[in-house]
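# Analysis of the macromolecular model
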Amino acid sequence: MSVKSLIINPGSTSTKIGVFEDETLLFEETLRHSTEEISKFACIVDQKDFRKSIILDLMKEKDFDIHTLDVVVGRGGLLKPIPGGTYEVSDDLLADLKAGVQGEHASNLGGILAREIAGEIGVKSYIVDPVVVDELMPEARYSGVPEIPRISIFHALNQKAVAKRYARENGKAYEDLNLIVVHMGGGVSVGAHLKGKVIDVFNALDGDGAFSPERAGGVPTGGLIKMCFSGNYTEKEVYKKFVGNGGLNAYLNTNDMRDVMKMAETDDHAREIRDAFMLQVSKDIGSMACVLKGKVDAVIVTGGIAYNEHIVSGLKEAAEWIAPFTVYPGEDELLALAQGALRVMKGEEKAMQY
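Presented here is an overview of the structure given in this document.

Scoring rules and cut-offs
Residues numbered from 1 in each chain as written. Predicted model: local features only at pLDDT ≥ 70, side-chain atom pairs only at ≥ 80, totals over all residues. Heavy atoms only, no water. Pairing = 2+ DSSP bridges. Helix = DSSP H or I, 4+ residues; strand = E, 2+ residues; numbered from the N terminus. Axes fitted to C-alpha atoms, helices over the stretch in contact; angles between N-to-C directions. Contact = heavy atoms within 4.5 Å. Phe/Tyr/Trp six-rings, centres within 6.5 Å; stacked < 30°, edge-to-face > 60°. Lys NZ or Arg CZ within 6 Å of the ring centre and 35° of its normal. 1 Å grid on protein atoms, 1.4 Å probe; cavity = no way out; pocket = protein on both sides within 12 Å on 5 of 7 lines; lining within 4 Å. Points joined across faces, edges and corners; volume = space filled by probe spheres on them. Nonpolar A, V, L, I, M, F, W, Y, C, P; charged D, E, K, R; others polar. Buried < 20%, exposed > 50% of the residue type's maximum accessible area, 1.4 Å probe, protein only. Arc of directions from axis to C-beta. Polar contact = N/O pair within 3.5 Å; in protein donor to acceptor, adjacent residues only side chain to side chain.

## What about the sheet that holds strand β8 (residues 188-194)?
With mixed pairing, five strands are arranged side by side in an open sheet as β9-β8-β7-β10-β11. Two strands in the sheet have a free side with no partner beyond their single neighbour: β9 (197-201) and β11 (325-329). Along the sheet, successive strands turn relative to each other by an average axial angle of 25°, direction set aside. As paired elements, strand β7 (residues 178-184) and β8 share seven bridges and run antiparallel to each other. Paired with Ile180 across the two strands is Ala192, which belongs to β8. Packed onto the sheet, helix α10 (residues 268-291) meets β7, β8, β9, β10 (298-303) and β11 and runs at close to 20° relative to β8.

Right under this line is the structure:
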C-alpha cells in the first residue's frame, strides 16, 4: 500500500512544501514570504499560524484533500543534540522546537507545523535528521580548550540521504560501509560515516573546516582574538564576518561559485581563492580518511557546488587516491524527508524517540 506524505521545509523567507506518494513527487511549491510579512512577527514561532494558513490554502488551490495524507513530515530544527534518524514529533520534541533550545531558526517551524496539521487529520508527524544530529565519538569532541568542545552541526539530512542512496545503489547496507561525505553549498561540511554513524564532522555553521561561500570555517586563533578585542567590532559584527559574510563573500563579494569560476577566467586573485577552496575541502577529506583509519569505501560529493565539474575534478585530483568518488549534485531535501518517514511507515526502520 502506498504512503502519501506532506513535506514541510521552512526557510527564513520561504516555505517549501511537497506532496509525495511513496517516493513519487505529486507536486511541490516554494511559498515566498516578503520581509514586510515576516517582520510583523516578534519571533519565529509566532509565524506558525501565518505559514500554516498559506500551506492549507495551497492544498485547496491544488484541489488536494489533506485527509488522504498518511503522514506529515517537517524539517527538523535546532533541538538538543540527537542521533540520526526519523523522530515522531512528541510533546517533548515539540516543546524544545518552540523554546529554541539551541537557538531560533525557521526550520524549528517544520516539526511544529507538521504536528499541528497531522493532529487535525489524525495521522503521525515526524522530523528527519535535523542539523543537530550528533553521533560524534568521544575523542572528536576535544578542541584543546575545555570550555569550547567541538560540536556537531552539519548538513545531516542530505549527508545521511546520499550515504543511504549510495548504499542502496551498490546493494549494501549503510551500516556496513565507511564513507566520507562532502556537502558543498552555502556552507561546507565533511563527515566521516563509520558503519552508519557520523563519528566526526566539521561544524558547518560557525566552527572549523574549509571556508565556504558564506562562512569562514576554521581561522587562525590568535588573529581572531585580536579582532575581537580590537574595539573595532561588536560581537554581532564579528559573528557576521564569519557566518554570512565570510568565505567567498569576504574575498570576492559573491556567494555563488558560478560567479567565482567566471572571475577566475581572467582574474588571478579569484583563481587563487577558487583553488584555496578546493585545497581546504581536500584537506578536510584527508582528515576524515585518517578518522576512518584509511578504510574508506567511497567519497561522496554532494550539494549545489557538486554541479561544478572543475571543483569536483580538483577534489578528485587531490583525494581520489583515498577511495573512489561518487557525485550526487544538489540536495533534494523534500525527497530526503519523505524517504525518512517512508522507511518508518514501511517498517524498514523504527522511529526514534526524542
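## Comments concerning the packing of aromatic side chains
According to the stated counting rule, one finds four aromatic pairs in the structure shown. Aromatic side chains Phe41 and Phe50 sit 5.6 Å apart centroid to centroid with 40° between the ring planes, which places their arrangement in the tilted category. Site record: aromatic cluster; members linked through ring pairs are Phe211, Tyr251 and Phe277. Over the ring of Tyr354 we find Lys80, and its NZ or CZ is 4.7 Å from the ring centre.

## Quick notes on empty space enclosed by the protein
Throughout the structure, instances matching the rule amount to one cavity of 30 Å³ or more. Empty space within the largest cavity amounts to approximately 40 Å³. As for the largest cavity, its lining consists of Val128, Asp129, Leu157, Lys160, Ala161, Lys164, Ala336, Gln339 and Arg343. Secondary-structure elements contributing two or more residues to the lining of the largest cavity are α5 (156-169) and α12 (333-345). Here the lining of the largest cavity takes four residues from α5, the largest share from any one element. For the lining of the largest cavity, the class distribution of residues is four nonpolar, one polar and four charged.

## With respect to the environment of Ile44
Within the element layout of this structure, Ile44 appears in the loop between α1 (35-38) and α2 (48-61). Excluding anything up to four places from it in sequence, Ile44 contacts Glu104, His105, Ala106 and Leu109.

## Describing helix α11 (residues 309-319)
Residues of α11 that are buried: Ile311, Val312, Gly314, Leu315 and Ala319. Considered in projection along α11, the buried side chains sweep an arc of 160° and stay on one side of the axis. When the buried face of α11 is taken as reference, the exposed residues oriented beyond 90 degrees from it are Glu309 and Glu317. Residues of α11 that are buried sit in contact with β7, α9 (257-264), α10, β10 and β11. The opening residue of α11 is Asn308, an N-cap whose side-chain oxygen sits 3.1 Å from the backbone nitrogen of His310.

## Things to note about the side chain of His193
Structurally, His193 is set in strand β8. Here His193 falls in the buried class, since its relative accessible area comes to 0%. Side chain to side chain, His193 and Gln159 meet in a polar contact 2.7 Å long.

## Some details on the layout of surface pockets
Each pocket or cavity is described by its volume, and for the second largest pocket that value is around 1,000 Å³. Lining the second largest pocket are 31 residues, with Ile148, Asp206, Gly207, Asp208 and Leu224 sitting closest to its centre. At the level of secondary structure, the elements contributing two or more residues to the lining of the second largest pocket comprise α6 (221-228) and α7 (235-242). Here the lining of the second largest pocket gets four residues from one element, more than from any other, and that element is α7. Of the residues that constitute the lining of the second largest pocket, the class distribution is 18 nonpolar, eight polar and five charged.

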